[in-house]
Number of protein chains: 2
Amino acid sequence: MAGKFVSMRNLKFMIYEVFDAVALTKSDYYRQHNQKALDMVLDASMKLAQKKLNPLFEEMDRKAPYLEDGQVKVHPQVRPILKEFGEGGWIGATFPEAWDGQQIPSLVYCACQVIKCSSNYSAGAYMGLTSGAARLIHSFASDDLKETYLPNMMAGKWQGTMALTEPQAGSSLSDITTTATPTDKGYYLLKGQKVFISAGDHDGVDNVVHMLLARIEGAPPGVKGISLFLVPKLRVEGKGKLVPNDVAVSQVFHKMGYRGTPITELSFGDKDDCRCFLVGKPHQGLMYMFQMMNEARIGVGLGAAAIASAAYYAALEYCKSRPQGRKLGQKDPLTPQVPIIEHADVRRMLLFQRAIAQGSEGLLMQCALYEDFLHTTPKAEHERWELLLDLLTPVAKSYPSEMGILATSQAVQCLGGYGYCEDFPVEQHFRDCRIHAIHEGTTGIQGMDLLGRKVIMKEGKALKYYLEEARATIAQARDLTGLKPLAEKLEAALATLEKTTMQLAGLAMTKGAEVFLADATLYLEYFGIIAIAWQWLKQAIAAQQALDSTAKAADHNFYQGKIITARYFFAYELPKIKGLMDRLLDGDPLTVEMQSGHFSD
Amino acid sequence: MAGKFVSMRNLKFMIYEVFDAVALTKSDYYRQHNQKALDMVLDASMKLAQKKLNPLFEEMDRKAPYLEDGQVKVHPQVRPILKEFGEGGWIGATFPEAWDGQQIPSLVYCACQVIKCSSNYSAGAYMGLTSGAARLIHSFASDDLKETYLPNMMAGKWQGTMALTEPQAGSSLSDITTTATPTDKGYYLLKGQKVFISAGDHDGVDNVVHMLLARIEGAPPGVKGISLFLVPKLRVEGKGKLVPNDVAVSQVFHKMGYRGTPITELSFGDKDDCRCFLVGKPHQGLMYMFQMMNEARIGVGLGAAAIASAAYYAALEYCKSRPQGRKLGQKDPLTPQVPIIEHADVRRMLLFQRAIAQGSEGLLMQCALYEDFLHTTPKAEHERWELLLDLLTPVAKSYPSEMGILATSQAVQCLGGYGYCEDFPVEQHFRDCRIHAIHEGTTGIQGMDLLGRKVIMKEGKALKYYLEEARATIAQARDLTGLKPLAEKLEAALATLEKTTMQLAGLAMTKGAEVFLADATLYLEYFGIIAIAWQWLKQAIAAQQALDSTAKAADHNFYQGKIITARYFFAYELPKIKGLMDRLLDGDPLTVEMQSGHFSD
């Protein structure tokens, strides 16, 4: 099924016309790039996705990983793909040159990741994990560890992972019990279990390097006693000799989707010979790990947006070519049937998918741009970008993940019975996409992070910056033909956001944390819808500016399509905040007050 | 995985306390039953589900049907199960005694079907199809056909199907081309293809009897030229000799879920020897078939509600037993973790699932009760029940189907990473449930049926009856402790429903059918939410009445749980109509006006 899974035209519109990637290359940090160079990076991504990743999309699902003699076996093409990720410089694409990275703007890399993940999410996931682990090592590990582990990771020969979750603790990191006992030999001895470790073991690499959270023996309880360790599957002894490090795979999970990447349960130190290496200072592990977690959360949102995008293009292709029925009012059965894209309800379903996928891409690129600003703007501005990133990370993780479930479901719906069958890719997208609301912090966790921490931190400073950013967009839109009604709707939504947030914060004072956060997930959804409306207004501005000026005739349809999708979002999606606000302001704490015993039958 | 999949306590509450099944047995038609007899029917269902169906739930998914030498092979246990359905009288459970049926109330049968389908939807589907086909034969076929085909169908030895869809026509029945050529031998010769035929062929039965739509050669084009035929896989010649009837299986589909039932593509008359038999009059086929279609649509809604219910109980069990984290405000990591049902957000997710599953069951039982009223009330009242059934059928089909996707998704979410894996049943429920918004008329088709036909037919008479029914419930609720606020919210919602419907009907006059029906799917969603609010008010009334009178202490929690779930629905779900109404009344026909070319990239 070599159908279209991504649109280069759309991605270039986003990074160049909406977010002005070329402006970044005027900065000192990104001066080695220009548009031509960035285009080449995009083209290389596309080539890799089309030639190597997408052809394996189905096969990696059908031939899922399995455990054999203690070794996880994955699709044989995983190895050459990971090698290519390494050789192509993708693993360190955004790393500074000082780390042997390509130092390309995060904004552009974000587009590259959309391309890869939309072609084959499972294949892209291996690389993201290695990249995140390598960044963590670069940032916090000793020179010795860097020298020993980074070269092979950057080359795609060794896999990186993040090993946080434990069977008895799940999302509750304060309850992890994996223990590291100090020795006098420069390492610790590790004992414990980790579960749901993505790419935790496989035969597509020669070694696996776990970035793992554990307690040093005698550490204080809770999150204050968690340290970060590097734990290799095979440890390096002497002159590069690889020795088994007492890391065992206890199971590989059989999943509904995302089947190309093995998810494992691992056992460390069954034979009391698992050596691990402290990264950074003791008991600071969670703080370090948040670097990788935040990166991974954005990565998860991106994966969801990319899958939703791929499903959208598959549905679009089908709807353009499948004849069925006639326009309403045309009752003569002898006239030819029309392609189903001619039916208003089908268009609505397509617009929904497009609005979710490309609106989410907008928010993710917005985050990437703030990341870039940390390199291109004066230090005095950095607090702004950091706070904006902190604030938007749970939204950029959750909105695409939750709405991706619905968007891929609508793609299935567009294909009718065929959508439910393996002959078309949409059913796999639907299965694949379902993981994202779960891994790297469930939607519930993200909601509490947003409402319980991010919007109230520093007396609401992050939220204040966010409102400023959104209002700057509104000001720009007010002057453009046709966009004023959208600008006004967004302004009204922002006003409710301020009011609702204030009222909820008041609840924290009067009724306590439990009532305050009971509907944090709904607040996250509400916040997310408004954030995506903001992004669609940005895209509409760029499209309208193009139409007002130099747009070529061939692109007229593209820009009109963008404006119509923005209108769709404001007409169909933004009104959903009304019901959410109703509930958020209602204040009946029924989920807190009810007894668990009321769930009796 | 022998977990709980259904609650008998809940079903008995529904049929006896909310809908008063015992009152039905006072009627002449159902006089042979009493509560004890009905309880026995329910118990027999439960026994069958627990002993035979549920144990195969996973296995029938993992070992999906396949095609071998032109024959579809299904799980070997399908045959004994179908035999048991036949011997137990289940296939004709609601048929009149004159048809050798059990003549049990549809209301009670509905509860039985919830039990069967929640234990193993795929297993239940075989029977529903045979039952619907048999009813069609009973209603419209000649005595000769009845004698030849019904006994083995009623015994569960022959499978019934409905064969409507064709590859080139999909939902557009007016475009079917399968052709029946008359002969002078009492039969027609059939030629054509049918696709997505559930249980269209399998080795769990000795024969398959298709109820098939085709055109008699020379018939008028469109739906006015469609006739209904009985087409056996093996035709009966002479004294019961079975002869191959030139029906070939061209493929069995590989589906995402609902894998225990084979979905087939069939080819009729490749060798010009497929004999078929006209049922009823020529060119009236669609009208006859609507009997089976409406029954199947209700059956689909029921299947979705049952799956959502099964997923809910699996999630509930997990949430009660899985310790993770602590109450907010309890920051001491040395205190024990609490079961996750203690977290407000988890309770919200459970209440959502319960509200969807049991609210949907309410609407389905309401329809079943109207069906029963056709047997128990004077003829003069029948128009009322028929119109209510007509009106509510698309809602009872679609609300559970669409919301079932979200409810099973929340069940997956409750289990976190485990929910995404095959170790627990919820991921299969999520996959299984996705079919329902597609088969027996997609949600888009149901929306057009509701808004374009049902609410406007007979000058809105069906809607008028519906409003009367709902307002009778409101009047009852106003007098009960605590239910007045819910009653008032429902009244407000009904007022908007009247207003919105009027305004949309006006649009039909001024702007034409295409604009009128552009958002019919949203209208269906909007209508559905209000209908389920009505049902929850009914359940709250029955629960409050129990609490106010004779309720035993042991059941206090159950009734309180019902009232809290009703409050949940009014607080969290009903407000969603605001955003929908906003859109429905907005009037910007962007999906009609936009060009398909705007989907350019």
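Residues numbered from 1 in each chain as written. Chains lettered and ligands numbered in written order. Predicted model: local features only at pLDDT ≥ 70, side-chain atom pairs only at ≥ 80, totals over all residues.

## Some words on the overall build of chain A
To keep it simple, the criterion reads: Helix and strand assignments come from DSSP, with helices taken as H or I runs of at least 4 residues and strands as E runs of at least 2, each series counted from the N terminus. With C-alpha atoms as the basis for the radius of gyration, the globule rule is written as 2.2 Å multiplied by the number of residues raised to the power 0.38. Every C-beta atom is placed from the backbone, and the number of other C-beta atoms within 10 Å of a residue's own sets its class: buried at 20 or more, exposed at 12 or fewer, partly exposed in between. We call two residues in contact whenever the C-beta atoms placed from their backbones are within 7 Å.
Helix and strand counts for chain A stand at 20 helices and twelve strands. Relative to the compact-globule value of 25 Å for 601 residues, chain A shows a C-alpha radius of gyration of 24 Å, a close match. With the C-alpha coordinates aligned to their principal axes, the bounding extent of chain A is approximately 80 × 60 × 60 Å. Within the span of chain A, comprising 601 residues, buried residues form 59% of the whole. For chain A, the proportion of contacts with a sequence separation of at least 24, taken over those separated by at least 6, is 76%.

## Side note on the domain arrangement of chain A
Residues and elements named next belong to chain A. Definition in use: Domain limits in this description derive from either an automatic procedure or a database domain assignment. Polar here means any residue outside two lists: the nonpolar Ala, Val, Leu, Ile, Met, Phe, Trp, Tyr, Cys and Pro, and the charged Asp, Glu, Lys and Arg; Gly therefore counts as polar.
Partitioning chain A into domains gives domain 1 (8-152), domain 2 (159-284) and domain 3 (458-589). When each unit is reduced to the centre of its C-alpha atoms, the spacing between domain 1 and domain 3 is 31 Å. Counting residues at the interface gives four residues for domain 1, matched by five residues for domain 3. Class assignment for the residues of the side of domain 1 that touches domain 3 results in two nonpolar, no polar and two charged.

## Some remarks on the interface of chain A and chain B
Chain A puts 84 residues into the contact, and the matching count from chain B is 84 residues. Residue contributions to the side of chain A that touches chain B peak at nine residues, all from helix 18 (residues 553-573) of chain A. Its residues assigned to classes, the side of chain A that touches chain B shows 33 nonpolar, 30 polar and 21 charged.

## A word on the environment of B:Met60
Residue and element names in this part refer to chain B. Secondary-structure assignment places Met60 in helix 4 (residues 57-62). Met60 gets classed as buried once you count the C-beta atoms within 10 Å, which come to 25. C-alpha separation for the pair Met60 and His75, spaced 15 residues apart in sequence, amounts to 6.2 Å. Excluding anything up to four places from it in sequence, Met60 contacts His75, Asn120, Ser122, Ala123, Arg259 and Gly260.

## A closer look at the relation of the copies chain A and chain B
The condition is simple: Each copy is superposed on the other by least squares, with the fit set by C-alpha atoms of residues at a pLDDT of at least 70 in both.
Of the transformation placing chain A onto chain B, the axial shift is 0.0 Å and the rotation is 180 degrees, giving an RMSD of 0.0 Å. Considering both components of the superposition, the chain copies are consistent with a two-fold axis. A share of 100% of interface residues in chain A that are also interface residues in chain B marks the association as one of identical surfaces.

## Thoughts on the nonpolar core
This is how the line gets drawn: Structurally, a nonpolar core is described as a collection of buried Ala, Val, Leu, Ile, Met, Phe, Trp, Tyr and Cys residues joined by way of C-beta atoms within 7 Å.
Core analysis: the largest hydrophobic core is formed by 434 residues, its most contacted members being A:Phe229, A:Ala315, B:Phe229 and B:Ala315. The contact partners of A:Ala315, leaving out residues within four places of it in the chain, are A:Leu350, A:Gln353, A:Ala411, A:Cys414, A:Leu415 and A:Val426.

## Thoughts on the environment of A:Pro589
All names here are of chain A. With respect to the helices and strands, Pro589 occurs in the loop between helix 19 (576-586) and helix 20 (590-593). With 92 residues separating them in the primary sequence, Pro589 and Leu497 have C-alpha atoms 20 Å apart. The contacts of Pro589, once residues within four sequence positions are left out, are Lys511, Val515 and Ala518.

## Structural notes on unusual backbone geometry
Here the phi dihedral of A:Asp20 falls at roughly 50 degrees; this positive angle occurs in a residue that is not glycine. You can see A:Asp20 is positioned in the loop between helix 1 (8-18) and helix 2 (21-24).

## Here we look at helix 6 (residues 106-119) of chain B
Since one α-helical turn is 3.6 residues long, residues separated by three or four positions face the same way. Heads up, the condition is: A helix is expected to reach a length of 1.5 Å times the quantity of its residues less one.
When the terminal C-alpha atoms of helix 6 of chain B are compared, their 20 Å separation across 14 residues agrees well with the 20 Å that a helix rising 1.5 Å per residue should span. Along helix 6 of chain B, 14 of the 14 residues are buried, which leaves the element largely enclosed by surrounding structure.

## A word on the pairing of strand 12 (residues 275-279) of chain A
All names here are of chain A. Quick reminder of the rule: Any two strands are treated as partners once DSSP identifies two or more bridges connecting them.
The buried fraction of strand 12 amounts to five of the five residues, a majority that puts the element mostly inside the structure. Sheet analysis places strand 5 (residues 188-198) next to strand 12, joined by two bridges and oriented antiparallel. In the sheet register, Leu189 faces strand 12, and the bridge partner there is Arg275. Pairing of strand 7 (residues 226-232) with strand 12 involves three bridges; the strand directions are antiparallel. The partner of Leu228 across the bridge, within strand 12, is Val279.

## Structural notes on the packing of helix 13 (residues 443-454) of chain B against helix 17 (residues 520-548) of chain B
All names here are of chain B. Inclusion rule: For every element, the axis is a line fit to its C-alpha atoms; helices are fit only across the contacting stretch, and the angle between N-to-C directions ranges from 0 to 180 degrees. Here the angle decides the label: under 35 degrees means roughly parallel, over 145 means roughly antiparallel, 65 to 115 means roughly perpendicular, and every other value means oblique.
It is at 8 Å that the axes of helix 13 and helix 17 come closest, and there the two elements cross at 80 degrees. Relative to helix 17, the element helix 13 is oriented roughly perpendicular. From helix 13, Thr443, Gly444, Gln446, Gly447, Met448, Leu450, Leu451 and Gly452 reach across to helix 17, where they touch Ala520, Thr521, Tyr523, Leu524 and Phe527. When the residues that make up the contact of helix 13 with helix 17 are grouped by side-chain class, the tally is seven nonpolar, six polar and no charged.

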